[in-house]
Amino acid sequence: MNDEINYKNNPLHGVSLKNMLTELVDHYGFEILFAYLRINCFKTNPSVESSVKFLKHTDWAREKVENFYLYQFKSLPRASDDQYDLSPRDRIIPDGDQPGEPAKLSIEDAEQLQAKREKKAASFGKPRQGYGPGKPRQERAPSRTSRPSDGKSSAGNPYTAKPSAAKPAASKDSGDPWSKWRK
């Protein structure tokens, strides 16, 4: 039984992440990469070096870029279901399939694709991904009220929890507008 895989049938064989990203940026640019992939390293201070550093440490983002490279830039037909379950670097391309010309992409097409994805997600009853101005405050992540202690003095640190002491009950006549909220 031969369990060896012929990686020479994979267009990613021998292609470093930096070379792949350089090819993509030279052909499409950071703006289109961000529009299609929605990875923040292509929007905030984009550079090949910082993007490579991020992608090396983030598996899901690296696989997303590798899929984009295979199926948009190299224009390969989609992988079969059993091959698609593997990471892009482990996939084998059938012998007859050859890389083609890069797909022609535009910002307008990316916006249409994003709208289509949001509509599809809504049809499955999934809420919009992420947090932001489009979500009500109750659905956002709770804010942190304290920071972890590093053993240093907490004097003057507004994030450090103060030891609770018995507080006298506030009266309505105290003139303090916040008295009803204090315990």
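Provided above is the structure to which this section pertains.
Figured I'd write up the structure that's included with this text. Since the structure is predicted, the reported quantities are computational estimates derived from the model, not experimental observations.

Our focus in this paragraph is the side chain of Ser-51. By the secondary structure assignment, Ser-51 is in helix 3 (residues 48-57). Take Ser-51: its relative accessible area is 0%, and that puts it in the buried class. Beyond its immediate chain neighbours, meaning those up to four positions away, Ser-51 contacts Leu-21, Phe-30, Cys-41 and Phe-42.

The next point concerns unusual backbone geometry. The backbone phi angle of Arg-38 is positive, close to 55°, even though this residue is not glycine. Its place among the elements puts Arg-38 in the loop between helix 2 (30-37) and helix 3. Accessibility expressed as a relative area gives 39% for Arg-38, which makes it partly exposed.

Taken as a whole and assessed by the stated rule, the structure comprises five aromatic pairs. Note on Tyr-36 and Phe-68: the rings are 6.2 Å apart at their centroids and 50° apart in plane angle, and the pair reads as tilted. Note that Tyr-36 is positioned in helix 2 and Phe-68 in helix 4 (residues 59-73), a separation of 32 residues in sequence. The structure contains a cluster of three or more aromatic residues connected by ring pairs, namely Tyr-28, Tyr-36, Phe-68, Tyr-69 and Phe-73. Positioned above the aromatic ring of Tyr-84, the side-chain terminus of Arg-91 is 4.5 Å from the ring centre.

On to the environment of Leu-21. Mapping Leu-21 onto the fold places it in helix 1 (residues 17-27). The class for Leu-21 is buried, based on a relative accessible area of 0%. Along the primary structure Leu-21 and Val-48 are separated by 27 residues, whereas in three dimensions their C-alpha atoms are 6.7 Å apart.

Further remarks concern the pattern of salt bridges. One pass over the structure, following the stated rule, counts two salt bridges. Taking the shortest distance from any N to any O, the salt bridge between Arg-62 and Asp-59 comes out at 2.8 Å. On the criterion of helical spacing, the pair formed by Arg-62 and Asp-59 is a turn pair, its members being three residues apart in helix 4. In this structure Asp-59 comes out as partly exposed when scored by relative accessible area, which is 46%. Notably, a salt bridge pairs Glu-66 with Arg-89, separated by 2.8 Å at the nearest N-O pair. A residue pair is termed long-range when its members are at least 10 positions apart, and Glu-66 in helix 4 and Arg-89 in the loop between helix 5 (81-84) and helix 6 (107-123) qualify at 23 residues.

Glancing now at the nonpolar core. Counting residues in hydrophobic clusters, the biggest one holds 32 residues, and the most contacted among them are Leu-21, Leu-24, Phe-42, Val-65 and Phe-68. Residue assignment for this core shows that the elements contributing at least two residues are helix 1, helix 2, helix 3 and helix 4. Setting aside chain neighbours within four positions, we find Leu-21 in contact with Phe-42, Val-48, Ser-51, Val-52, Leu-55 and Val-65.

Further remarks concern the packing of helix 1 against helix 3. In the contact formed by helix 1 and helix 3, the axes pass within 10 Å of each other and the chain directions differ by 130°. As far as their axial angle goes, helix 3 and helix 1 are oblique. Judged by the twist between their axes, the crossing of helix 1 over helix 3 is right-handed. In contact with Leu-17, Lys-18, Leu-21, Thr-22 and Val-25 of helix 1, helix 3 contributes Val-48, Glu-49, Ser-51, Val-52, Leu-55 and Lys-56. Grouping the constituent residues of the contact of helix 1 with helix 3 by class yields six nonpolar, two polar and three charged.

What follows deals with helix 3. Taken together, the buried positions of helix 3 are occupied by Val-48, Ser-51, Val-52 and Leu-55. Down the axis of helix 3, the buried side of the element spans an arc of 100°, and every buried residue falls inside it. In this structure, helix 3 carries Glu-49, Lys-53 and His-57 as exposed residues pointing more than 90 degrees from its buried face. The secondary structure elements touched by the buried residues of helix 3 are helix 1, helix 2 and helix 4.

Thresholds, definitions, all that
- Sequence order sets the numbering: in each chain, residues are counted from 1 along the sequence as written.
- In keeping with the model being predicted, local features are shown solely for residues with a pLDDT of at least 70 and side-chain atom pairs are shown and tallied solely at 80 or more, while totals for entire chains, interfaces and linings include all residues.
- Hydrogen atoms and water are omitted, and side-chain values are computed over all heavy atoms in the structure.
- Only DSSP runs of H or I covering at least 4 residues are called helices, and only runs of E covering at least 2 are called strands; the numbering of each starts at the N terminus.
- Partly exposed residues are those whose accessible area sits between 20% and 50% of the maximum for their type, while under 20% is buried and over 50% is exposed, using a 1.4 Å probe and protein chains only.
- Here a residue-residue contact requires only that any non-hydrogen atoms of the pair lie within 4.5 Å.
- Ring pairs are drawn from Phe, Tyr and Trp, using the six-membered ring of Trp, whenever the two centres fall within 6.5 Å, and their geometry is named by plane angle: stacked under 30 degrees, edge-to-face over 60, tilted for the rest.
- Working rule: Lys NZ or Arg CZ, within 6 Å of ring centre, within 35 degrees of ring normal, means a charge sits over the ring.
- Between Lys or Arg on one side and Asp or Glu on the other, a salt bridge is scored when a side-chain nitrogen of the former is within 4 Å of a carboxyl oxygen of the latter.
- Joining through side-chain atoms within 4.5 Å is the link that ties buried Ala, Val, Leu, Ile, Met, Phe, Trp, Tyr and Cys residues into a set, and such a set is a nonpolar core.
- Axis geometry follows a simple rule: fit a line to the C-alpha atoms, using only the stretch in contact for helices, then measure angles between N-to-C directions, giving values from 0 to 180 degrees.
- Every angle not falling under 35 degrees, over 145, or within 65 to 115 is termed oblique; those three ranges are roughly parallel, roughly antiparallel and roughly perpendicular.
- Take the far helix as your reference; a near helix turned counterclockwise from it by less than a right angle gives a left-handed crossing, and one turned clockwise gives a right-handed crossing.
- Three classes are used: nonpolar for Ala, Val, Leu, Ile, Met, Phe, Trp, Tyr, Cys and Pro, charged for Asp, Glu, Lys and Arg, and polar for all others, with Gly counted as polar.
- Directions drawn from the helix axis to the C-beta atoms are what define this arc.

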